[in-house]
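Okay, here's what each chain looks like letter by letter:
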Amino acid sequence: MLYDTHCHLNHPQFEPDLNQVLARMREAGVGRCLVAGYDQPSSLIATELSSMNKDIYAAIGVHPHDADSFSEDVERSLLSLMENPKVVAVGEIGLDFHYNYSDPQKQSAVLEAQLHIAQITNKPVIFHCRDAYEPLLDILERTAPIHGVMHCWAGDKDQARRALDMGLYLGFGGMVTFKNASEICDIAAMVPVDSLLLETDAPYLAPTPHRGKRNEPAYIRMVAEKVAAIKGMELKEVIMRTWENGLTLFHGE
Ligand SMILES: [Zn+2]
Ligand SMILES: [Zn+2]
């Protein structure tokens, strides 16, 4: 079965037809999905969705874009959500110096506060990173050991090696199907299959031929097919190995 290890079914874009999206996900053979929070309200919705659906799990956290919304109240709320057994990770958290929607210093402080939550609750972390791989890897090397995944990998080869050396997983999604994605595909080819996770990041980054439209977990099969082609592996094998990786990282199985 396929595991969509990063999606946002908690996003308002899925409100009107979530039941159909879930039906298509199950029909496509996606056995589990992990819904990532990006602020306090979306973390709460992720937790609620996971409580209502056997095959949905939740990660909770404040995205670097929303770092300005982080406060002691939010921190307390995240800590209490962590007590829910369906909440299996902290995320998505990290640094995003591409848009700088939140002040970079505030982003770093909020990242550190949430790394602390992961450490005291002993949960893996889902990292978001854009135009900030060097500073993020520096912080993580200082904080190691940390279990987690660099979701939607878009760094270079040396940075990928640094992440792998720390034992982090690399997540790949719809971007591997895009034209002009040769560097990401080269890295997906290099990453050992034991360190690889599949994700959609729905509603964002829909794979070709749906590029530009709303993404959904059912489309993860197209990502799996492309990763199998890149790695010269059988689709079945990619699906099975990445499923097992998801269980190992997020469910301690
Ligand atoms: Zn992200
Ligand atoms: Zn995301």
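Let us look at the structure shown here. Just so it is clear, the model here is predicted, and its values are computed rather than measured.

**Quick word on the sheet that holds strand β6 (residues 148-150)**
- With respect to topology, eight strands assemble into an open sheet ordered β1-β2-β3-β4-β5-β6-β7-β8, the strand pairing being parallel. Looking at which strands have only one partner, the edges of the open sheet turn out to be β1 (2-7) and β8 (196-198). Strand-to-strand twist of the sheet, defined as the mean angle between neighbouring strand axes without regard to direction, takes the value 30°.
- Sheet topology note: the β1/strand β2 (residues 30-36) ladder contains four bridges and is parallel. Its bridge partner lying in β2, D4 is registered against C33.
- The sheet contacts of helix α5 (residues 133-143) involve β4 (87-96), β5 (125-130) and β6, and relative to β5 the element is tilted by about 150°.

**Here's the deal with the coordination of the zinc ion (ligand 1)**
- At 2.0 to 2.1 Å from the zinc ion (ligand 1) lie its protein donor atoms, namely E92 (OE), H128 (ND1) and H151 (NE2).
- The distance between the zinc ion (ligand 1) and the zinc ion (ligand 2) comes to 3.4 Å, and E92 binds to both of them. In this pair, H128 is assigned in strand β5 and H151 in the loop between β6 and α6 (157-165), connecting sequence segments 23 residues apart. Accessibility classification places H128 together with H151 in one group, the buried group.

**What about the coordination of the zinc ion (ligand 2)?**
- Within the first shell, the zinc ion (ligand 2) binds the protein through H6 (NE2), H8 (NE2), E92 (OE) and D201 (OD), at distances of 2.1 to 2.3 Å.
- Bound by four donor atoms, the zinc ion (ligand 2) shows angles of 88 to 173° at the metal and therefore irregular coordination geometry.
- Looking at H8, the relative accessible area reads 1%, which means it is buried.
- Here D201 falls in the buried class, since its relative accessible area comes to 9%.

**Focus: the pairing of β4**
- Of all the 10 residues making up β4, 10 are buried; the element is thus mostly covered by neighbouring parts of the structure.
- Sheet topology note: the β4/β5 ladder contains six bridges and is parallel. The partner of L95 across the bridge, within β5, is C129.
- In this fold, β4 hands off to helix α4 (residues 104-121), which returns the chain to β5; that crossover is right-handed.

**Some details on the side chain of D55**
- Topologically, D55 is positioned in the loop between α2 (40-52) and β3 (56-60).
- Accessibility expressed as a relative area gives 13% for D55, which makes it buried.

**Here's the deal with the packing of α2 against helix α3 (residues 72-81)**
- Packing of α2 against α3 leaves a shortest axis separation of 10 Å and a crossing angle of 10°. Relative to α3, the element α2 lies roughly parallel. Two secondary-structure elements touch here, α2 through Q40, S43, L44 and T47 and α3 through V74, S77, L78 and L81.
- Grouping the constituent residues of the contact of α2 with α3 by class yields four nonpolar, four polar and no charged.

**Considering α6**
- Taken as a whole, α6 has its buried residues at Q159, A160, R162, A163 and L164.
- Packed against the buried residues of α6 are α5, β6, β7 (169-172) and α7 (182-190).
- The first or second residue beyond α6 is G167, which carries a positive phi of 85°.

**Notes on the packing of aromatic side chains**
- Counted by the stated rule, this structure contains four aromatic pairs.
- Plain terms: the ring middles of Y3 and W243 are 5.9 Å apart, the flat faces sit at 55° to each other, and that makes the pair tilted. Taken as a pair, Y3 in strand β1 and W243 in helix α9 (residues 235-251) lie far apart in primary sequence, 240 residues in all.
- Residue Y3 is classed as buried on the basis of its relative accessible area, which comes to 2%.
- Taking the centre distance of 5.1 Å and the plane angle of 5° together, the rings of Y99 and Y101 count as stacked.
- In this structure Y99 comes out as partly exposed when scored by relative accessible area, which is 43%.

**Here's the deal with the packing of α4 against α5**
- Orientation of α4 relative to α5, taken along the N-to-C sense of each, is 35°, at an axis distance of 12 Å. The handedness of the crossing between α4 and α5 is right-handed. Between α4 and α5, the contacting residues are L111, E112, L115 and Q119 on the first element and L136, I139, L140, R142 and T143 on the second.
- Grouping the constituent residues of the contact of α4 with α5 by class yields five nonpolar, two polar and two charged.

**A short note on the pairing of β3**
- Counting buried residues along β3, five of its five residues qualify, which places the element largely inside the surrounding structure.
- Along β3, one buried face is formed by I56, A58 and I60 and the opposite face, lined by Y57 and A59, is buried too.
- Pairing analysis gives four bridges linking β2 to β3, with the strands arranged parallel. Of the residues in β3, the one forming a bridge with C33 is I56.
- Assessed by its sense of winding, the connection that carries the chain from β2 through α2 to β3 is right-handed.
- Across three bridges, β3 lies against β4 in parallel orientation. Residue pairing in the sheet places I60 in a bridge with V90 of β4.

Quick notes on the rules
Residues numbered from 1 in each chain as written. Chains lettered and ligands numbered in written order. Predicted model: local features only at pLDDT ≥ 70, side-chain atom pairs only at ≥ 80, totals over all residues. Heavy atoms only, no water. Pairing = 2+ DSSP bridges. Helix = DSSP H or I, 4+ residues; strand = E, 2+ residues; numbered from the N terminus. Axes fitted to C-alpha atoms, helices over the stretch in contact; angles between N-to-C directions. Contact = heavy atoms within 4.5 Å. Donors = N, O, S within 2.8 Å, 3.2 Å for Na, K, Ca; no water. Buried < 20%, exposed > 50% of the residue type's maximum accessible area, 1.4 Å probe, protein only. Tetrahedral: all angles 85-135°; square planar, octahedral: opposite > 155°, others 65-115°. Right-handed = clockwise from strand over helix to strand, strands pointing away. Parallel < 35°, antiparallel > 145°, perpendicular 65-115°, else oblique. Nonpolar A, V, L, I, M, F, W, Y, C, P; charged D, E, K, R; others polar. Phe/Tyr/Trp six-rings, centres within 6.5 Å; stacked < 30°, edge-to-face > 60°. Left-handed = near helix turned anticlockwise from the far one by under 90°.

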